Amino acid sequence: MKSLWRLVLFVLLSIMLGQGVWIYYMYESYKQEFVWTIENSLANAVYMEISGRNEQLGGVISFAPYDVQDTSRYIRKKITSADTVFWVNIDRYDKYSTLKLAQFLIKDLLPIDIAKLDTLFRQEIGNSRYQIGNTYVEYIDLKDNRIIRSDKPKSLSGSYVSTREIPIDINNSQGVRAYAEVPSNAILRDMTIQLILSGSLILITLCCIFYLFYIISEQKKIEKMRQSSVNAMTHEFKRPISVAVTLANLIPIYKKDKNKTDRYSKNICQELNKLTSYTEQIQQISKSEKAELQLNKSEVNIRDFFSALKTKYTGTENDKADLQILLEVKRKSFYIDPVHFANVMDNLVENAIKYSEGKANVTVHVFERKGRLLISVKDKGVGMSWIDKNHIFERYYRSNHKEVQQKPGFGLGLTYVKLIVKGHDGTIRVKSRLGEGSKFIIEIPWTAYVET
Ligand code: ADP
C-alpha cells in the first residue's frame, strides 16, 4: 500500500509539474508576443518622432524613392536637405537605414525628445490589443551600453520587458530601447482555455486517484469484515455442534428419564436446525453471487406460518423474548418459499432478541396496504445509528457499537434476508434510533397467486 501511495504521489506530482512547465512556457510565449508588439510600437514611434522633428524643422529632409531597377544590396540614394543635395549608400536590408539617416541629419538641429517618443510609443501600444501599463524609454550609447537620457520613473512596480535596441544613428553608435510593464492580466485572460484545461486535467486526475483509494479502502474494509466474519462463523458453527454432541452423550445416561431425553432430543434438533439454517444462508448468498438463487414458492397459510413462528419462540427455553404476533390480513394464504421465508423471519426475530438487553419485547405485525403484504418486526432494543442503517444489508457488515460487538454474529443474516425478500419481488427497510429500538418492514406483493 505504501509503494502504491508513493507511485500515485509520483504520478500526481509529475502531472502537476508537467502542467506547470506547460503553463509557464505558454505564459512566456504570450509574453514574447507582447515583446514583438512593443518592438513594432517602438519602431513606429521612432519614425513618428523623427518625422515630427523633421516637420518642426520645416521638412528639411526629403527622400527620393528607390530606383527599382537597382537590385544591389547597397543602394545609392539622393537626399535633399535644406539647400543641399547629396548622395548616400544605403543598405537595402537595414530596415532602419532611412531612420538613421534622418536622425543623423537632424540630430544637431533638434535632438531626440525622449518624453515625446514615450508618448508616441504608448499611443502605438494603445492601438494593439494590449492595455497600456507603465512604460519608459532610454536613449543609449550602443558602444558602451551607457544610458544617455531616459524618462524612467523613480519608483517602479510590476515586472517589465524591454525591446531590443533600435539604432538611430548612421554609424550605429546610438539607439533607443523601451520598457513596458508586462500585462499579466491580459496574458492570463488569453490563456483562460489552457488554464481551464490544465486545471480540469489535474482535477480529473485527483478525482480518479481519490476514487481509486476509496475502492481500495472499501475492499480492505470488506476483507477485514470478511475475516472477522469467518472467525465468528467458525465459532458459531462449533457451538451448536458441541451442544448437540454433549446432549447426545447425555441421552444414554438418562435413558430411563423420558422427560429429560425428550428435552435433550428437542434441543439437539433445535441446534442442528440452527446449523442447517446457517449453512443454507451461506449457500444462498454464494448462489446469489452466481445468480443461481432458486426459490420453491408455494401457497402457504398465513395463520399457520406465523403460529409456527410464535411456537418456536415460546416455551421455557425461549423465555428470553416476549413475542407478540398481530395478524391483520383478510387473505388466508400467501405465495412464498416456506423454508427461506421462515429463515427470514427467524433472522429478524433472532436479531431483535439478540440486540435487546434483558427480556426482548418483539412485535411482529402482519397487515395489508395498497394490495401489498407488509410484515414488520419491531423491538425495543439497542437500535442503530444512521451510518449503521445505511450498511446493515451489506455483506459482513456489523455495527462497531459495543453492544453489537459483544453478541455473536457474522454479518450475513440481513444480506440473506434482503436477498430472499428480493426473490419474492419485495423490499425491506429499517427504521431505527440508537437506544430506542428498531423496526424492519418487509413489503411483498401478493404476486401471481390468486386466491380462490
Ligand atoms: P449479525 O447479526 O450476524 O451481526 P446481520 O446481518 O443479521 O448480522 O445484522 C447486521 C448488523 O445489523 C448487526 O451486526 C447489527 O449491527 C445490525 N442489526 C440487525 N438487526 C438489528 C436489531 N434488531 N437491532 C439493532 N441492530 C441490528
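One can find the structure itself at the top, above this paragraph.
What comes next concerns the included structure. The shown structure was predicted, so the numbers you read here are calculated from the model rather than taken from an experiment.

### Things to note about the pattern of salt bridges
Thinking step 1. Overall, the coordinates contain 15 salt bridges when judged by the stated rule.
Thinking step 2. For D144, the salt bridge identified is with R146, shortest N-O distance 3.7 Å.
Thinking step 3. Its relative accessible area of 43% is what places R146 among the partly exposed residues.
Thinking step 4. In this structure, the salt-bridge partner of K258 is D262, at a minimum N-O distance of 2.9 Å. In this pair, K258 and D262 both sit in helix α6 (residues 258–289), four residues apart, roughly one turn of the helix.
Thinking step 5. Ionic contacts of the salt-bridge type, sharing partners, join the residues E33, R129 and D190 into one network.

### Topic: the nonpolar core
Thinking step 1. In terms of nonpolar packing, the biggest core is built from 49 residues, with F306, F334, M345, L348, V364, I375 and F440 touching the most fellow members.
Thinking step 2. Among the elements that take part in this core, helix α8 (residues 338–354) stands out by supplying seven residues, more than any other.
Thinking step 3. Not counting the four nearest positions on each side in its chain, V364 is found in contact with F306, L309, L323, Q324, I325, L326, M345, V349, I375, S376 and V377.
Thinking step 4. In terms of nonpolar packing, the next biggest core, distinct from the first, is built from 34 residues, A102, A180, V182 and M191 among them.

### As for the site of the ligand
Thinking step 1. As a structural note, the neighbourhood of the ligand is formed by 20 residues, with N351, Y355, R398, F410 and L414 the closest of them.
Thinking step 2. One nitrogen or oxygen atom from the side chain of K354 is found 3.1 Å from an oxygen atom belonging to the ligand.
Thinking step 3. Contacts to the ligand include D379, whose side-chain N or O atom sits 2.9 Å from a nitrogen atom.
Thinking step 4. Taking 530 Å² as the accessible area of the ligand by itself, protein coverage stands at 98%.
Thinking step 5. Counting only elements with at least two residues in the shell around the ligand, the list comes to α8, α11 (413–423) and β15 (437–445).
Thinking step 6. Top element by residues in the shell around the ligand is α8. It accounts for three residues.
Thinking step 7. Its residues assigned to classes, the shell around the ligand comprises ten nonpolar, seven polar and three charged.

About the criteria used
- Residues numbered from 1 in each chain as written.
- Predicted model: local features only at pLDDT ≥ 70, side-chain atom pairs only at ≥ 80, totals over all residues.
- Heavy atoms only, no water.
- Salt bridge = Lys/Arg side-chain N within 4 Å of Asp/Glu carboxyl O.
- Buried < 20%, exposed > 50% of the residue type's maximum accessible area, 1.4 Å probe, protein only.
- Helix = DSSP H or I, 4+ residues; strand = E, 2+ residues; numbered from the N terminus.
- Core = buried A, V, L, I, M, F, W, Y, C linked by side-chain atoms within 4.5 Å.
- Contact = heavy atoms within 4.5 Å.
- Near = heavy atom within 4 Å.
- Polar contact = N/O pair within 3.5 Å; in protein donor to acceptor, adjacent residues only side chain to side chain.
- Areas by Shrake-Rupley, 256 points an atom, 1.4 Å probe, with all protein chains shown as cover.
- Nonpolar A, V, L, I, M, F, W, Y, C, P; charged D, E, K, R; others polar.

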